[in-house]
Amino acid sequence: MTIAVTGLNAIDSPGPGVAVIRGLLEAESFSCRIIGLSYESLEPGIYMRDLVSKTYSIPYPSSGMDALMERLQYIHQQEKPDLIIPNFDSELYSFIKLAPRLKKMGIHTFLPTLAQFEERHKVNLPAFGEKYGLSVPRSKAVYTANETLSLDREYGWPLVVKGKYYDASLAYNHEQVKAHFNRISAKWGLPIIIQEFVHGTEYNVTGLGDGEGGVVAAVPMRKQYITDKGKAWGGISIDDKKALALNAQFVRETKWRGPYELELMKDKSGNYFLLEINPRIPAWIYLAVGVGQNIPEALARLAMGWPTDPFTHYEVGKMFVRYSWDMIVDLAAFEQISTKGEL
Amino acid sequence: MKIKKNIAVSENGFIFNPSSGESFSANPSGLEILNLLRQGHDKESILNHMGENYQTDSQTLERDLTDFIETARQYHLFEHEDE
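## Observations concerning unusual backbone geometry
Residues and elements named next belong to chain A.
Turning to step 1, where the next piece is worked out: For the peptide bond that leads from Trp 157 to Pro 158, omega is -5°, which places it in the cis range.
Turning to step 2, where the next piece is worked out: Here Pro 158 is to be found in the loop between helix H6 (151-155) and strand E6 (159-162).
Turning to step 3, where the next piece is worked out: Cis geometry is found at the peptide bond from Leu 190 to Pro 191, where omega equals 0°.
Turning to step 4, where the next piece is worked out: Tracing the sequence through the fold places Pro 191 in the loop between helix H7 (174-188) and strand E8 (192-196).
Turning to step 5, where the next piece is worked out: Of note, the phi angle at Asp 167 is positive, near 80°, even though the residue is not glycine.
Turning to step 6, where the next piece is worked out: In this fold, Asp 167 is placed in the loop between E6 and strand E7 (168-171).
Turning to step 7, where the next piece is worked out: At Lys 255, a position not held by glycine, the phi torsion is positive, near 55°.

Structure representation (structure tokens):
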């Protein structure tokens, strides 16, 4: 089987691609060949030739769906991929829309529906929480920095300033709110989400929904080592019954289809707040593989329409510790991906 | 005052709470107290045990034990105190 994977940017704020590929290559139920799909010539995964057989650059989501489809048709002619696993929030819209056309070409996907994708958007989180009975922090989507001026009276300080796809910073006064607003909106566009800050401990759950309300996989994790960008650089699998119950409620109520990551905050009273729903595999997915739930493998099986039993357990108290690694790369390889768009 | 059943304590005094993912280290006397608590001993019984094995006055012992138990409580190591 040939599987195309995005998110090869294994950098300090890493894309999930390399971890997803490790899971796929360790799958016990099939063997596969990996095609990388990259946006930038220096995404480290491009040069990990023991993991990625060949990489093709693809156009940024801002180039539109037609440009992406044209490129995927070319890649299809060359490689005949059976499956594509997109790993970025920002590219999901295009892949969800293109999924029926890809299916006709023989390329499978297993993605959330467009309604699920839109509904869980940070901008829509308050309505989402209300609809499905999930506790979420109060938040408001704003289009100008002035709209934030009264929110501190409602939510108190600090405020969390979030980009629509990525990035979040804490602000302790209006000057900081404005600075974060300008920085994040310049990078990710509008709106900016201003969210109430919940004091507590952050937990994450990654999982896989079968699209009919069933949980195929779920592993909760506590971050142990967090980078200045808020990314987990180390974490541990935990046995948190409340987090798992909340996860099951999320999947059952939304009938979530595909992989996801829930970002949860547990306050001092033990109450959970759902901070974010990432509609894709997280970068720390290899922990799930390591504790007995190979989510990339199960995802590939679901996408191919193969019978897939839900995982029923995982090892608690296993840690992941991330590291960085310098590869030595010939200039010719960089030239190849930069000029020809494939390597 | 019972230590949660799922709390893992290694022979070196490394404590892991699988519900929260938190880990702590106890020194040898702390480990001894934890093991006594896990065996179901109450505060009085632990004070007697420690008094027999350590050369210290009963006031210091009681103060230190109270401190230790309070810290363990804050770390949610006892049953029925969170979750």
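Okay, back to it.
## What to know about the domain arrangement of chain A
Residue and element names in this part refer to chain A.
Turning to step 1, where the next piece is worked out: One can read the domain layout of chain A as domain 1 (2-109 + 326-339), domain 2 (138-196) and domain 3 (199-321).
Turning to step 2, where the next piece is worked out: Placing a centre on the C-alpha atoms of domain 1 and another on those of domain 3 gives a separation of 23 Å.
Turning to step 3, where the next piece is worked out: Facing 26 residues of domain 1, the contacting portion of domain 3 comprises 23 residues.
Turning to step 4, where the next piece is worked out: Taking both partners together, domain 1 and domain 3 bury about 1900 Å²; carbon and sulfur atoms supply 65% of that area.
Turning to step 5, where the next piece is worked out: By the criterion of area lost to domain 3, the three top residues of domain 1 are Asp 12, Phe 30 and Asp 89, representing 21% of everything that side buries.
Turning to step 6, where the next piece is worked out: Between Asp 12 and Lys 229 there is a salt bridge, with the nearest N and O atoms lying 3.3 Å from each other.
Turning to step 7, where the next piece is worked out: Seen at the junction of domain 1 and domain 3, the total is seven residue pairs in polar contact (both at pLDDT 80 or more).
Turning to step 8, where the next piece is worked out: Every element with two or more residues in the side of domain 1 that touches domain 3 is listed here: helix H1 (17-25), strand E4 (83-85) and helix H3 (89-104).
Turning to step 9, where the next piece is worked out: Considering every element that reaches the side of domain 1 that touches domain 3, the biggest residue donor is H1, with five residues.

What counts as what
Residues numbered from 1 in each chain as written. Chains lettered and ligands numbered in written order. Predicted model: local features only at pLDDT ≥ 70, side-chain atom pairs only at ≥ 80, totals over all residues. Heavy atoms only, no water. Helix = DSSP H or I, 4+ residues; strand = E, 2+ residues; numbered from the N terminus. Domains from an automatic or database assignment. Contact = heavy atoms within 4.5 Å. Buried area = accessible area lost by both parts, 1.4 Å probe. Salt bridge = Lys/Arg side-chain N within 4 Å of Asp/Glu carboxyl O. Polar contact = N/O pair within 3.5 Å; in protein donor to acceptor, adjacent residues only side chain to side chain.

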